[in-house]
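# Notes for the structure review
If you want the building blocks of each chain, they are given just below.
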Amino acid sequence: MAKPLQVEVYNPNGKYRVVSTKPMPGTRWINLLIEQDCRLEICTQKKTILSVEDIISLIGDKCDGVIGQLTEDWGEKLFSALSRAGGKAFSNMAVGYNNVDVNAANKYGVAVGNTPGVLTETTAELAASLSLSAARRIVEADEFMRAGLYDGWLPHLFVGNLLKGQTVGVIGAGRIGSAYARMMVEGFKMNLIYYDLYQATRLEKFVTAYGQFLKANGEQPVTWKRASTMEEVLREADVISLHPVLDKTTYHLVNKERLAMMKKEAILINCSRGPVIDEVALVEHLKATPMFRVGLDVFEDEPYMKPGLAEMKNAIVVPHIASASKWTREGMATLAALNVLGKIKGYPIWSDPNRVEPFLNENAPPPAACPSIVNSKALGLPVSKL
Ligand SMILES: NC(=O)c1ccc[n+]([C@@H]2O[C@H](COP(=O)([O-])OP(=O)(O)OC[C@H]3O[C@@H](n4cnc5c(N)ncnc54)[C@H](O)[C@@H]3O)[C@@H](O)[C@H]2O)c1
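Residues numbered from 1 in each chain as written. Predicted model: local features only at pLDDT ≥ 70, side-chain atom pairs only at ≥ 80, totals over all residues.

A word on the sheet that holds strand E2 (residues 16–20). The sheet built from 6 strands is open, its strands ordered E1-E3-E2-E4-E5-E6 with mixed pairing. What marks the edges here is a single partner per strand, and that holds for strand E1 (7–10) and strand E6 (111–113). Between one strand and the next, the sheet's axes are offset by a mean angle of 15°, whatever the strand orientation. Helix H12 (residues 326–345) contacts E2, strand E3 (38–43), strand E4 (65–68), strand E5 (89–92) and E6 of the sheet and is inclined by roughly 170° relative to E5. (Pairing = 2+ DSSP bridges. Helix = DSSP H or I, 4+ residues; strand = E, 2+ residues; numbered from the N terminus. Axes fitted to C-alpha atoms, helices over the stretch in contact; angles between N-to-C directions. Contact = placed C-beta atoms within 7 Å.)

For the rest of this paragraph, the subject is the site of the ligand. Close to the ligand lie 30 residues, the nearest being Gly-96, Gly-172, Gly-174, Ile-176 and Ala-322. Of all the elements, helix H7 (residues 175–188) adds the most residues to the shell around the ligand, at 3 residues. (Near = placed C-beta within 6 Å.)

Partitioning the protein into domains gives domain 1 (7–118 + 324–379) and domain 2 (120–317). One C-alpha centre belongs to domain 1, the other to domain 2; they are set 33 Å apart. Taken together, the contact between domain 1 and domain 2 spans 7 residues of the former and 7 residues of the latter. Residues belonging to the side of domain 1 that touches domain 2 are distributed by class as follows: 1 nonpolar, 6 polar and no charged. (Domains from an automatic or database assignment. Nonpolar A, V, L, I, M, F, W, Y, C, P; charged D, E, K, R; others polar.)

In the numbering used here, UniProt assigns the feature "domain: D-isomer specific 2-hydroxyacid dehydrogenase NAD-binding" (unreviewed entry) to residues 130–322. As annotated, residues 130–322 has a helix share of 35% and a strand share of 15%, and its two end C-alpha atoms lie 10 Å apart. (UniProt positions renumbered as here; feature names shortened; annotations may be inferred.)

Another point: the nonpolar core. Counting residues in each nonpolar core, the largest one holds 56 residues, and the members touching the most others are Ala-181, Leu-192 and Ile-240. Here this core takes 7 residues from helix H5 (residues 120–135), the largest share from any one element. Those residues within four positions of Ala-181 in sequence are excluded, and the remaining contacts are Val-168, Val-170, Ala-173, Leu-192, Tyr-194 and Leu-203. Judged by nonpolar contacts, the second largest core, of 52 residues, contains Trp-29, Leu-82, Ala-105 and Trp-350. (Core = buried A, V, L, I, M, F, W, Y, C linked by C-beta atoms within 7 Å. Buried ≥ 20, exposed ≤ 12 C-beta atoms within 10 Å, placed from the backbone.)

Quick look at the UniProt feature "domain: D-isomer specific 2-hydroxyacid dehydrogenase catalytic" (unreviewed entry) in the protein now. UniProt records the feature "domain: D-isomer specific 2-hydroxyacid dehydrogenase catalytic" (unreviewed entry) for residues 39–347 in the present numbering. Helix makes up 39% of residues 39–347 and strand 14%, whereas the separation of the span's terminal C-alpha atoms amounts to 19 Å.

What follows covers the packing of helix H2 (residues 52–59) against helix H3 (residues 76–84). Here H2 crosses H3 at 5°, and the two axes come no closer than 10 Å. Of the possible angle classes, the one that applies to H2 and H3 is roughly parallel. Contacts between H2 and H3 involve Val-52, Ile-55, Ile-56 and Ile-59 from the first element and Lys-77, Leu-78, Ala-81 and Leu-82 from the second. (Parallel < 35°, antiparallel > 145°, perpendicular 65-115°, else oblique.)

To continue, consider the sheet that holds strand E13 (residues 315–317). Pairing between the strands of a sheet comes from backbone hydrogen bonds, and it takes one of two forms, parallel or antiparallel. Taken in spatial order, the 7 strands of this open sheet run E9-E8-E7-E10-E11-E12-E13, and their pairing is parallel. At either margin of the open sheet sits one strand with a lone partner, and together these are strand E9 (224–226) and E13. Pairwise comparison of adjacent strand axes, ignoring direction, gives a mean angle of 15° for this sheet. In this sheet, strand E11 (residues 267–270) lies alongside strand E10 (residues 239–242) in parallel orientation, the contact comprising 4 bridges.

This brings us to H5. In this model, H5 (16 residues) spans 22 Å end to end at C-alpha, consistent with the 22 Å of a helix rising 1.5 Å per residue. Within H5, 13 of the 16 residues are buried, leaving the element largely enclosed by the surrounding structure. In the segment just after H5, Arg-137 is the residue with positive phi, at about 55°. (Expected span 1.5 Å × (residues − 1).)

For the rest of this paragraph, the subject is the environment of Gly-26. Its place among the elements puts Gly-26 in the loop between E2 and helix H1 (28–35). Overall, Gly-26 belongs to the partly exposed group, with 17 C-beta atoms counted inside 10 Å. Spatially, the C-alpha atom of Gly-26 lies 8.1 Å from that of Arg-329, the residues being 303 residues apart in sequence. Setting aside chain neighbours within four positions, we find Gly-26 in contact with Glu-330 and Ala-333.

Okay, the pairing of E11 next. Judged by which residues are buried, E11 turns out to be covered on both faces: Ile-267 and Ile-269 on one side and Leu-268 and Asn-270 on the other are all buried. Taken together, E10, helix H10 (residues 256–261) and E11 constitute a β-α-β crossover, and its handedness is right-handed. Where E11 meets strand E12 (residues 293–296), 4 bridges bridge the pair, whose relative direction is parallel. Within E12, the position partnered with Ile-269 by the bridge is Gly-295. Taken together, E11, helix H11 (residues 279–288) and E12 form a β-α-β motif whose crossover is right-handed. (Right-handed = clockwise from strand over helix to strand, strands pointing away.)

Relative to the helices and strands, Ser-241 is located in strand E10. For the pair Ser-241 and Leu-379, spaced 138 residues apart in the sequence, the C-alpha separation amounts to 34 Å. In this view, Ser-241 contacts Ala-127, Ser-131, Val-170, Tyr-180 and Ile-269; residues no more than four positions away in its chain are not counted.

With that settled, the discussion passes to the pairing of E3. Sheet analysis places E1 next to E3, joined by 4 bridges and oriented antiparallel. Considered in E3, the bridge of Val-9 is made with Glu-41. Note: E2 against E3, 5 bridges, orientation parallel. Considered in E3, the bridge of Val-18 is made with Leu-40. Read from E2 through H1 to E3, the crossover connection turns out right-handed.

What follows is the structure, given as structure tokens:
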């Protein structure tokens, strides 16, 4: 038999057994669980990605709920194991849940939580950082400097793109896409073009008002446009950032044909999920179009990159760190723990997952509700009146 995975146990005599497949930042989430009579087991095994079998062994014979990670494959096998162990709750420590088969969870009556809202600004800030880094070739310039190659100022040295007055394109103008759009419009006075299945009314109002403000101050106003096709964004924008969910409709949304539609000096940013871009086609495009630049936080076959990507000077690559600010990661841990705890305690579902601040206030007890359960309707769970 395989050796059991290492775990750290808190409150061993707690009534409800909750498993976290990874240690998570902060201590509030731990305290919230143990104060509510949970025995918490945190897997501390030195293995970055746990297999389905690993997680089945962590679930064991009795488990009320699991907090898991986006690197794990939560499907039929895990939900049936959790259900057999008496579990009714699972939460991803992420807003995206493309690693979760929600139909399988529904079949076993397991609530699936995610952690929206708390990572919006942090993720948008990384997309903005990648946009600036790509526009001003910061990583290339840093490598040049450290390699001892700088021997004096030159007119042509690392010439990049000025963002002011250019057009930022956003594909998927939901929470994160809209926050990113605001940063680029407000911070760098870029014009906006976006594509989403739904109208981003609040974003449009913001850009209109900001444009009026600029005009009133004698500056060039910024503008916005809702594109009727994604292709329109690809053709018109100078910087394009991808923020849709990953599902069947967005898999390889950016492919060879669509890359060819983009401007030769365009910048493409991806802080959504890797498979939204056909990464093989991207590598070919980067080779053929040296002034085209890309900033990637996510990859098609994480943790791997497609062959050739690592060698491309016109690519900036970071290891899926878009939500990695202390405040956000601690908040994600709190929301994930409260999703699981709330379901165990039979609490109703918070009515607006975009308004999770009351759960994040460290100076007050959290509301008696599950912050965000994505299959609450399918399971017929009651909604909180708070
Ligand atoms: N890199 C990271 O660490 C990180 C961090 C947070 C979120 N994310 C990813 O970002 C995604 C978006 O998060 P969010 O909180 O903004 O979600 P959201 O639901 O608020 O926004 C997603 C938007 O995508 C739009 N959309 C869906 N299908 C589309 C399509 N085919 N074409 C265009 N738009 C489409 C939706 O209408 C919605 O407005 C998450 O699902 C997650 O995968 C990544």
